[in-house]
Amino acid sequence: MRLRPRPRSTAPPDAVDTAPPLRQLLPLGLQHVLVAYSGMATVPLLIGLGIGLPTEQIAVLVSANVLVSGIATLLQALGVLNIGARLPIVMGSTFTGITPAILVGKDGGLPAVFGATIVAGLLTWLVAPWFSRLMRFFPPIVTGTIIAIIGFSLLPSTSKLIAGTDPAAADFASPTRLLMALGTILLVVLLEAFAPAAIARFAILTALVLGTLVALPLGLADFSAVGEASWFGAVHPFAFGLPEFTIAAILPMIIIQLVNMVESTGDTLAIGQIAGRDVGREELARALRADGVGTAVAGVFNSFTIVTFGENVGLVSMTRVLSRFVVATAGALLVVIGLLPKLAAVVASLPGPVLGGVGVVMFGTVGAVGVKIMAQADLGNPRNILIVAISFGFGLLPVGAPEFYANLPGVLQPVLSSGIAAGGIAAFLLNLVLNRRTS
């Protein structure tokens with residue numbers, strides 16, 4: 001008796017688990033790197049400046065942060081055992097951790113910062129399964145509000161990229177810089193509207209490249225630092241000394257890490273919705289474990305708390321490139337850049353107005369994704385409107401007035417001064433109070 005072969009499935013392959021051909025994989029991965037790099041470099045830069053470190057030590061922090069972000073991205077996208085969500089999620093240091101790192105660094109030095117970071121990472125890994133059981137307390141009204149706050153609260157940060165950071169500079173907020181940013185945004189819109197799908201998926205990368213070429217003769221791009229940078233620079237563990245473990249340093253870092261877990265939960269659920277994947281407790285626990293392992297590794301290699309990167313959620317939503325292997329490629333590129341200071345200098349030298357224009361699109365897209373998720377709830381319900389209204393108030397207050405909570409106790413400042421943290425906690429608690437029956 002002859003066995004007939006099974007007919008081949010005609011179902012489309014899962015876009016998350018399908019790798020594009022190499023000719024597309026590298027530029028798509030590079031697109032994620034260019035979107036994320038500015039934030040990855042900014043966090044250690046601001047922490048280093050806040051503590052008062054010399055330039056060469058800040059450079060070590062930047063390289064370490066890029067390297068660890070790449071390792072954590074690979075872990076999250078590819079997964080190892082029960083660690084990593086296996087979704088197209090880019091990882092990097094969060095702005096939420098800047099204030100506590102500066103405060104701890106000034107009092108106890110960087111060894112205390114990195115010791116607290118290691119502890120926070122290990123605790124995140126341990127509590128991930130239990131934290132994932134709180135998913136029922138994150139209905140669309142909470143998740144969507146948190147994601148919208150993440151996007152919209154980051155939008156103002158693009159103003160410094162576009163206008164410049166020195167108000168005394170001759171070209172500060174000049175028409176040329178503003179038009180350069182507007183032209184970048186317009187190019188992304190035109191590519192999205194009129195280009196074939198195969199080209200539209202590279203809209204951000206194309207806008208960055210063409211924008212940089214236009215900025216060069218206008219004097220808005222300076223690549224002189226590339227020639228001065230060395231080709232290779234190893235990142236050594238405990239470069240600033242063995243970690244120190246003190247309660248005064250560990251407590252604020254744990255509080256921030258709990259906030260980071262809320263942010264990661266929102267981003268992971270958002271990616272799941274964009275990709276058409278059901279993210280349950282197990283998937284969320286794996287994602288949070290990757291946060292924890294990445295953060296612990298960061299403490300070893302002179303970096304800071306690691307979390308999902310909201311900017312790249314916007315990129316995935318806009319391009320509809322859902323492959324986790326594209327993001328894994330971005331992670332590999334970040335590892336290479338972290339070890340090659342000359343490549344890092346190239347990325348760091350991209351013109352601010354062009355990066356700012358791209359940032360407007362990316363952060364705005366993240367906010368729009370949040371609004372889309374919020375719309376799954378009953379927005380005709382005045383209680384849900386109240387949740388959104390108050391949460392946005394808490395989320396945007398510290399963005400418009402950074403010193404608003406300056407006179408509160410130190411333990412509260414890192415939480416409330418972060419719009420993402422304050423707004424996310426408000427949404428979580430308000431939903432428990434106002435929608436307690438459905439929760």
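Scroll up for the structure.
Residues numbered from 1 in each chain as written. Predicted model: local features only at pLDDT ≥ 70, side-chain atom pairs only at ≥ 80, totals over all residues. Heavy atoms only, no water.

### Re empty space enclosed by the protein
Then comes step 1: A complete count under the given rule lists two cavities of 30 Å³ or more for this structure.
Then comes step 2: Space inside the largest cavity adds up to approximately 110 Å³.
Then comes step 3: Looking at the lining of the largest cavity, the elements that each hand over two or more residues are helix H5 (140-154), strand E2 (306-308) and helix H13 (310-319).
Then comes step 4: What the second largest cavity holds in volume is close to 40 Å³.
Then comes step 5: Forming the walls of the second largest cavity are Ile146, Val259, Val262, Glu263, Ile420, Ala421, Gly424 and Ile425.
Then comes step 6: Sorting the residues of the lining of the second largest cavity by element identifies helix H11 (247-275) and helix H19 (419-434) as the ones contributing at least two each.
Then comes step 7: No other element matches H19, which puts four residues into the lining of the second largest cavity.
Then comes step 8: Among the residues forming the lining of the second largest cavity, the class breakdown is six nonpolar, one polar and one charged. (1 Å grid on protein atoms, 1.4 Å probe; cavity = no way out; pocket = protein on both sides within 12 Å on 5 of 7 lines; lining within 4 Å. Points joined across faces, edges and corners; volume = space filled by probe spheres on them. Helix = DSSP H or I, 4+ residues; strand = E, 2+ residues; numbered from the N terminus. Nonpolar A, V, L, I, M, F, W, Y, C, P; charged D, E, K, R; others polar.)

### Quick word on the packing of helix H9 (residues 203-215) against helix H16 (residues 352-374)
Then comes step 1: H16 packs onto H9 with a crossing angle of 160° between their chain directions and a minimal axis gap of 9 Å. Looking at the two axes, H9 sits roughly antiparallel to H16. Here H9 runs over H16; the crossing is right-handed. Contacts between H9 and H16 involve Ile204, Ala207, Leu208, Gly211 and Thr212 from the former and Val354, Leu355, Val358 and Met362 from the latter.
Then comes step 2: Tallied by class, residues from the contact of H9 with H16 come to seven nonpolar, two polar and no charged. (Axes fitted to C-alpha atoms, helices over the stretch in contact; angles between N-to-C directions. Parallel < 35°, antiparallel > 145°, perpendicular 65-115°, else oblique. Left-handed = near helix turned anticlockwise from the far one by under 90°. Contact = heavy atoms within 4.5 Å.)

### As for the pattern of salt bridges
Then comes step 1: All told, the structure shown has four salt bridges when counted by the stated rule.
Then comes step 2: Overlapping salt bridges bring together Asp14, Asp17, Arg277 and Arg324 as one network. (Salt bridge = Lys/Arg side-chain N within 4 Å of Asp/Glu carboxyl O.)

### Comments concerning the packing of aromatic side chains
Then comes step 1: The final tally for this structure, using the stated rule, is four aromatic pairs.
Then comes step 2: Where Phe152 meets Phe392, the ring centres are 6.3 Å apart and the plane angle is 45°; that geometry is what we call tilted. Of the two residues, Phe152 sits in helix H5 while Phe392 sits in helix H17 (residues 382-400), which places them 240 residues apart along the sequence.
Then comes step 3: Of the residues examined, Phe152 reaches a relative accessible area of 28% and is grouped as partly exposed.
Then comes step 4: One aromatic cluster is present, formed by Phe114, Phe240 and Phe304 through successive ring pairs. (Phe/Tyr/Trp six-rings, centres within 6.5 Å; stacked < 30°, edge-to-face > 60°. Buried < 20%, exposed > 50% of the residue type's maximum accessible area, 1.4 Å probe, protein only.)

### Focus: unusual backbone geometry
Then comes step 1: Despite not being glycine, Leu81 shows a phi value in the positive range, around 55°.
Then comes step 2: Positive phi values are uncommon outside glycine, yet Arg320 reaches one of about 60°.
Then comes step 3: Tracing the chain through its elements places Arg320 in the loop between H13 and helix H14 (324-339).
Then comes step 4: Owing to a relative accessible area of 47%, Arg320 belongs among the partly exposed residues under this scheme.

### Here we look at the nonpolar core
Then comes step 1: One finds Leu87, Phe138 and Ile146 to be the most contacted residues of the largest nonpolar core, which totals 50 residues.
Then comes step 2: Of all the elements, H5 adds the most residues to this core, at eight residues.
Then comes step 3: Setting aside its immediate chain neighbours within four residues, Leu87 contacts Val16, Gln76, Ala77, Thr268, Ile271, Arg277, Val279 and Arg324. (Core = buried A, V, L, I, M, F, W, Y, C linked by side-chain atoms within 4.5 Å.)

### Some words on a nonpolar patch on the surface
Then comes step 1: Where nonpolar side chains cluster on the molecular surface, the patch consists of Leu123, Trp125, Leu126, Val127 and Trp130 and spans about 480 Å² of accessible area.
Then comes step 2: Turning to its location among the elements, Val127 is positioned in helix H4 (residues 110-131). (Patch = residues over 30% accessible without salt bridge, like charges linked within 9 Å, V, L, I, M, F, W, Y side chains within 5 Å. Areas by Shrake-Rupley, 256 points an atom, 1.4 Å probe, with all protein chains shown as cover.)

### Looking at the packing of H4 against helix H12 (residues 281-300)
Describing two packed helices takes the angle between their axes plus the distance from one axis to the other.
Then comes step 1: Put simply, H4 and H12 touch, their axes get as near as 7 Å, and they point 170° apart. Overall, the two elements H4 and H12 adopt an arrangement that is roughly antiparallel. Note on packing geometry: the crossing formed by H4 with H12 is left-handed. Listed contacts from H12 to Phe114, Thr117, Ile118, Gly121, Leu122, Thr124, Trp125, Ala128, Pro129 and Phe131 of H4 are Ala285, Leu288, Arg289, Asp291, Gly292, Val293, Thr295, Ala296, Ala298, Gly299 and Val300.
Then comes step 2: For the contact of H4 with H12, the class distribution of residues is 13 nonpolar, six polar and two charged.

### Observations regarding the side chain of Thr319
Then comes step 1: Here Thr319 is to be found in helix H13.
Then comes step 2: In this structure the side chain of Thr319 is engaged in a polar contact, spanning 2.9 Å, whose partner is the backbone oxygen of Leu315.
Then comes step 3: Every residue in contact with Thr319, bar those within four places of it in the chain, is listed here: Gln31 and Arg201. (Polar contact = N/O pair within 3.5 Å; in protein donor to acceptor, adjacent residues only side chain to side chain.)

### Some thoughts on the environment of Gln257
Then comes step 1: Within the secondary structure, Gln257 sits in helix H11.
Then comes step 2: Separated by 28 residues in sequence, Gln257 and Ala285 have C-alpha atoms that sit 15 Å apart.
Then comes step 3: Sequence-distant contacts of Gln257, defined by excluding residues within four places in its chain, comprise Ala120, Thr124, Asp291, Thr295, Thr305 and Ile306.

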